[in-house]
Amino acid sequence: MITDHEVQLLQKDKARAIRLGERLAGLIEQAVYDRLPFEARWLEDLRQINEIIPTVGKSKDDVFAQTGIGRANVFANISRPKTETAIAQFEEMSIPNDDKNWSISPTPVPEVATDMMNNEVARNEMGETVNNPETEQPFTWAEVAAKTMEEAIEKSKAMSRQIEDDLVQTHFNVVQRHVQKSAAIYGTGIIKGPIKEERIKKKWRSRKYADIDTEGKVVGTGQDWVLDLDTLSQPGAGWVDIWNAFPDLSARNLKECEYFLERSYHVRKSLVQLQHIAGINLEQLKEAIERGPGESQTHGSTYIDRMREINGQIRLMNDNRYEQWRYHGPVNGEDLIATGASVYGNLNESLDMQDAIIWMVGSHPIRAVLNPLDSKEWPYGIFVWEEDDTSIFGFGVPYRLRNPQRIMNTAWNMLLDHAGHIAGPQIVIDRRLLDPVDKQWDNLHPFKVWQFNAKEAGPNLRPADVFHFAQINSNQEAIANIYDMARLLMDEVSQIHTQNQGLGQQQNKMGADTLGGMILLQNQSSVTTRHRVQMWDDNIIKPIITRFYDYEMQFNENDEIKGDMEINPRGTSALLVKELQTKSLVEMAKLGESEVYSQYIKHDEILRRLQSSLRIEGEGVVKTEDDIAQAQQQAAQQAEKPSPEEELEEAKLSIESAKVQMKGEELRMMTEMALAKMQHEERMELFKRAKDDGLTDKQLQARLSEVALKEFNTNERFKAEVEIKIREGQTANYGLDAA
């Protein structure tokens, strides 16, 4: 039975928990309102890349008053392809497809490095020596140091494989792409990890069963398959939507933040399922659910409705989602205990404030735990596309292209307006003298009939004198130059030139004319991207891999992966090494053409590395070692020395072949001579007949053309027959008698 004193303590704890929830709810509400100016900028970025002309807060009449009725009001969207190109370039340079952009190595130990040079006999603390079982000689300090370093390297490789497996399971490359896209569009991307993930592993297994009757006898057996579901706990990584991240805005970077708030959404069903998570305060969770979703929603956050308007959707009147918040920051130890957190044995007695994680739904703290990492690091990493020295949030590509985009829109609309003005002349008509038969003054069309008022015109005016046409001069070239200058300005501001967007040469007026010039231009345009990759390594890759390393060191029970190690991000180094390696491999392949160096170079290995460096997919491009071995074996079989009998037979065949070739050449010459003699006699006979028959020169020329055509056909036929019979070894006549 609970005593009165225990009841008083429970009521006191509940009151402390309620006060903690109210303080955090107030902090959340203030954080939402403080971030509204940034949301306005992000919404403008979103409108810009989605071709939405800013009209928020303006009526339709105001928009027409600003642009003018009949004036063009279109959006020449260059910001979107520039942003997409920036994302693609950055992704290609920072996320390797065939490698990882980090490595783990043992921490250098000065004593070990010194001992590597010491060949004296090693002794333990007791002064005893230890023999090497292989050589049966005492270990030297150099051998001990080498063995220590070898074990450290093996452990670092094992740790690297473990972390790589964690990242593969959580699709780390996909997470990185989400963060980079958010940074390029809004200026800031946020990654999260390690976070403990519960993963369901499915496994089908066969099961034998027996059918038993009412008397307990087996009447039949069989086999079926059943599905086993196992829950695996593994650290993972994720990305935090910029719209749901609320860091301490008084800070300029994550290290200066006093707190970090993260928002997520739940429907009633998923919120109820939270009761199965360890450490959940069921009483607070129940109260939060009973109060409904409206109590948990922050009134200052309207970004969802604004984003729906940008995408052409209607604003939802009823949002039945609950807002759940995660607070990372300092909390009083007694407040933690009051929320029901099991932290009694872990509280730091020398400090009142503890680094904790509080889950909130409305003003209800439903879960409270201490930061699980001994390093006390938060699981967040922030990457900004372009730094803002006054804020933790950065600037994205659309923000920097805002003014060039406005200039391009203005120039483009001027071009369209001017094209409409010069499409036809201005017409001046005296309405007293002319009247359209169809009574429609603003509808000009072919064969339109006009009625001329001769009385009003008088005898000196004709109908043609009543119409006056005024053609507006064309200034499109000057306006187009403004558009081109704005486009060049956009290239300079974004540092993404036309070549990098894959546009055609006609669209690219600044394209390099030579291969060297193109490479130089591409290297210059990638300078800022290389710098950004270095920032990615420093702010994202190294911190998150370090946190995974700390997590595995703290929670993994496998001692084979543990040791003192350091994390080496190598996004930029891998990029530079790959470019230099490709160039060096090409140069080495050229050296392989030399007879002097060819014997020292492995040509197949150069080709394989070139294929990998150039990112050429496919297994059939370069021969494998098995293909090479098979080809060498076939060549060796063909090159085997024949027996004397085989050599004699081969010599006889060669002699016979030579005789046949000589006979064929002789017969070919005889045939050509016979044909030439026959054709000469035929021509002489033709000249004789022409003289006797009195043929004219034109008639003789026609007969000679017929003879020439006949001779050509005969020659080709006889040549074909000769070649066929030579190949078949025939020596009979070649059809000369038949001809």
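Quick caveat: nothing in here was measured; it's all calculated off a predicted structure.

Each value, and the rule that gives it
- Residues numbered from 1 in each chain as written.
- Predicted model: local features only at pLDDT ≥ 70, side-chain atom pairs only at ≥ 80, totals over all residues.
- Heavy atoms only, no water.
- Helix = DSSP H or I, 4+ residues; strand = E, 2+ residues; numbered from the N terminus.
- Buried < 20%, exposed > 50% of the residue type's maximum accessible area, 1.4 Å probe, protein only.
- Contact = heavy atoms within 4.5 Å.
- Areas by Shrake-Rupley, 256 points an atom, 1.4 Å probe, with all protein chains shown as cover.
- Pairing = 2+ DSSP bridges.
- Expected span 1.5 Å × (residues − 1).
- Bend = angle between axes of the 7 residues up to and from the residue.
- pLDDT = per-residue confidence, 0-100.
- Arc of directions from axis to C-beta.
- Axes fitted to C-alpha atoms, helices over the stretch in contact; angles between N-to-C directions.
- Patch = residues over 30% accessible without salt bridge, like charges linked within 9 Å, V, L, I, M, F, W, Y side chains within 5 Å.
- Salt bridge = Lys/Arg side-chain N within 4 Å of Asp/Glu carboxyl O.
- Lys, Arg positive; Asp, Glu negative; His and termini not counted.
- Charge placed at Lys NZ, Arg CZ, Asp CG, Glu CD.
- Core = buried A, V, L, I, M, F, W, Y, C linked by side-chain atoms within 4.5 Å.
- Polar contact = N/O pair within 3.5 Å; in protein donor to acceptor, adjacent residues only side chain to side chain.
- Phe/Tyr/Trp six-rings, centres within 6.5 Å; stacked < 30°, edge-to-face > 60°.
- Lys NZ or Arg CZ within 6 Å of the ring centre and 35° of its normal.

S.K.: Would you explain the overall build of the chain in this entry?
M.R.: Within the chain, the regular secondary structure consists of 25 helices and 14 strands. Counting only residues that meet the buried cut, the chain has 34% of its 739 residues in that class. Taking the contacts inside the chain whose residues are at least 6 apart along the sequence as the reference set, 70% of them involve residues at least 24 apart. Carbon and sulfur atoms make up 53% of the accessible area of the chain, which totals about 46900 Å².

S.K.: Please explain the pairing of strand 1 (residues 102-106) as it appears in this structure.
M.R.: Each regular strand shows side chains that alternate between the opposite faces of the sheet. Covered by surrounding structure in strand 1 are W102, I104 and P106 only, the residues S103 and S105 on the alternate face being uncovered. Here five bridges tie strand 1 to strand 14 (residues 565-569), and the two strands are oriented antiparallel to one another. Bridge pairing in strand 14 links P106 to M565.

S.K.: Before we go on, may I ask you to explain helix 19 (residues 527-555) in this structure?
M.R.: Because each turn of an α-helix spans 3.6 residues, side chains separated by three or four positions in sequence point in the same direction. Taking 1.5 Å of rise per residue, 29 residues should cover 42 Å, and helix 19 covers 41 Å from first to last C-alpha, within 8% of that figure. The sharpest bend along helix 19 measures roughly 40° and falls at D537.

S.K.: Looking at this model, I keep getting lost on the confidence of the model for the chain. Mind explaining?
M.R.: Per-residue pLDDT for the chain averages 76, and the proportion of residues at 70 or more is 72%. Long-range and interchain partners of residues 55-67, a stretch whose pLDDT sits below 50, account for eight contacts in this model, where long-range means more than four residues apart. Across residues 734-739, confidence stays below pLDDT 50; counting only partners more than four residues off in sequence or on other chains, it has 15 contacts.

S.K.: What am I meant to see in helix 9 (residues 282-291) here?
M.R.: Looking only at helix 9, the buried set comprises Q284, L285, A288 and I289. For helix 9, the angular spread of buried residues about the axis comes to 135°, placing them on one side. Counted as exposed and oriented over 90 degrees from the buried face of helix 9: L282, K286, E290 and R291. Structurally, helix 9 contributes buried residues whose contacts are with helix 8 (268-272), strand 6 (322-332), strand 7 (353-361) and strand 8 (364-370).

S.K.: Looking at this structure, how should I read the sheet that holds strand 7?
M.R.: Pairing between sheet strands relies on hydrogen bonds along the backbone, with the strands arranged either parallel or antiparallel. With antiparallel pairing, five strands are arranged side by side in an open sheet as 4-5-6-7-8. Bordering the open sheet on either side are strand 4 (245-247) and strand 8, each of which pairs with just one other strand. Mean inter-strand twist for the sheet, computed between neighbouring axes without regard to direction, equals 25°. Pairing between strand 6 and strand 7: nine bridges, direction antiparallel. Bridge pairing in strand 7 places R326 opposite W359.

S.K.: Even after reading the chapter, I still don't get a negative patch on the surface, so can you show me in this structure?
M.R.: Among the surface-exposed residues, E645, E646, E647 and E650 lie close enough to one another that they form a single negatively charged patch. Along the chain, the position of E646 falls in helix 24 (residues 644-693).

S.K.: So what exactly am I meant to see when it comes to the nonpolar core here?
M.R.: Core analysis: the largest hydrophobic core is formed by 62 residues, its most contacted members being I163, I190, F383, W385 and I545. Element by element, the count of residues in this core is highest for helix 19, at nine residues. When sequence neighbours within four positions are dropped, the list of residues in contact with I190 reads V179, W239, V240, I242, A245, F260, Y380, G381 and I382. Counting 17 residues, the second largest nonpolar core, distinct from the first, contains L20, L24, V331 and A368.

S.K.: What's the story with the side chain of N556 in this structure? I'm lost.
M.R.: Position of N556 among the secondary structure elements: in the loop between helix 19 and strand 14. A polar atom in the side chain of N556 sits 2.8 Å from the side chain of E552.

S.K.: Would you explain a nonpolar patch on the surface in this entry?
M.R.: Where nonpolar side chains cluster on the molecular surface, the patch consists of I407, M414, I482, L489 and V493 and spans about 360 Å² of accessible area. Elements with a minimum of two residues in the nonpolar patch: helix 14 (402-421) and helix 17 (476-494). The element best represented in the nonpolar patch is helix 17, accounting for three residues. Among the secondary structure elements, I482 is positioned in helix 17.

S.K.: Please explain unusual backbone geometry as it appears in this structure.
M.R.: The residue after G193, namely P194, is reached through a cis peptide bond having omega 0°. One non-glycine residue, K376, lies in positive phi territory at about 60°. With respect to the element layout, K376 can be found in the loop between strand 8 and strand 9 (380-384). K376 gets classed as partly exposed once you look at its relative accessible area, which sits at 43%. A positive phi angle is found at K439, which is not glycine, with a value near 65°. Along the chain, K439 turns up in the loop between strand 11 (434-436) and strand 12 (450-452).

S.K.: For this particular structure, what's the right way to read the packing of aromatic side chains?
M.R.: What characterises a pair of aromatic rings is the spacing of the ring centres plus the angle enclosed by the ring planes. Applying the stated criterion to the full structure yields 16 aromatic pairs. Plain terms: the ring middles of F90 and W536 are 5.8 Å apart, the flat faces sit at 90° to each other, and that makes the pair edge-to-face. Within this pair, whereas F90 is found in helix 4 (residues 79-94), its partner W536 is found in helix 19, the two being separated by 446 residues in sequence. Through a chain of ring-to-ring contacts, three or more aromatic side chains come together here, namely F38, W42, Y186, W243 and F393. Above the ring of Y399, the side-chain terminus of R41 is found at 5.4 Å from the ring centroid. Just above the ring of W450 sits the side chain of K448; from NZ or CZ to the centre is 5.6 Å.

S.K.: Would you mind showing me how to read the pattern of salt bridges here?
M.R.: Opposite charge on two side chains lets them pair, provided their charged atoms get close. Summed over the entire model, instances satisfying the criterion amount to 12 salt bridges. E44 is the partner of R47 in a salt bridge, and the nearest nitrogen-oxygen pair spans 3.1 Å. Residue R47 and its partner E44 are both found in helix 2 (residues 36-49); the two are separated by three residues, about one turn of the helix. For the salt bridge of R207 with D224, the shortest nitrogen-to-oxygen distance reads 2.9 Å. You can see R207 sitting in strand 2 (residues 188-212) and its partner D224 sitting in strand 3 (residues 218-240), a full 17 residues away along the chain.

S.K.: It is not clear to me how the environment of V218 should be interpreted in this structure. Could you clarify?
M.R.: By secondary structure assignment, the location of V218 is in strand 3. Once you skip the residues sitting within four places of it in the chain, V218 turns out to touch A210, D211 and I212.

S.K.: Help me out: how do you make sense of the environment of I18 in this one?
M.R.: One can find I18 in helix 1 (residues 4-34). Of the residues examined, I18 reaches a relative accessible area of 37% and is grouped as partly exposed. I18 sits 346 residues away from H364 along the chain, and the two C-alpha atoms are 7.1 Å apart.

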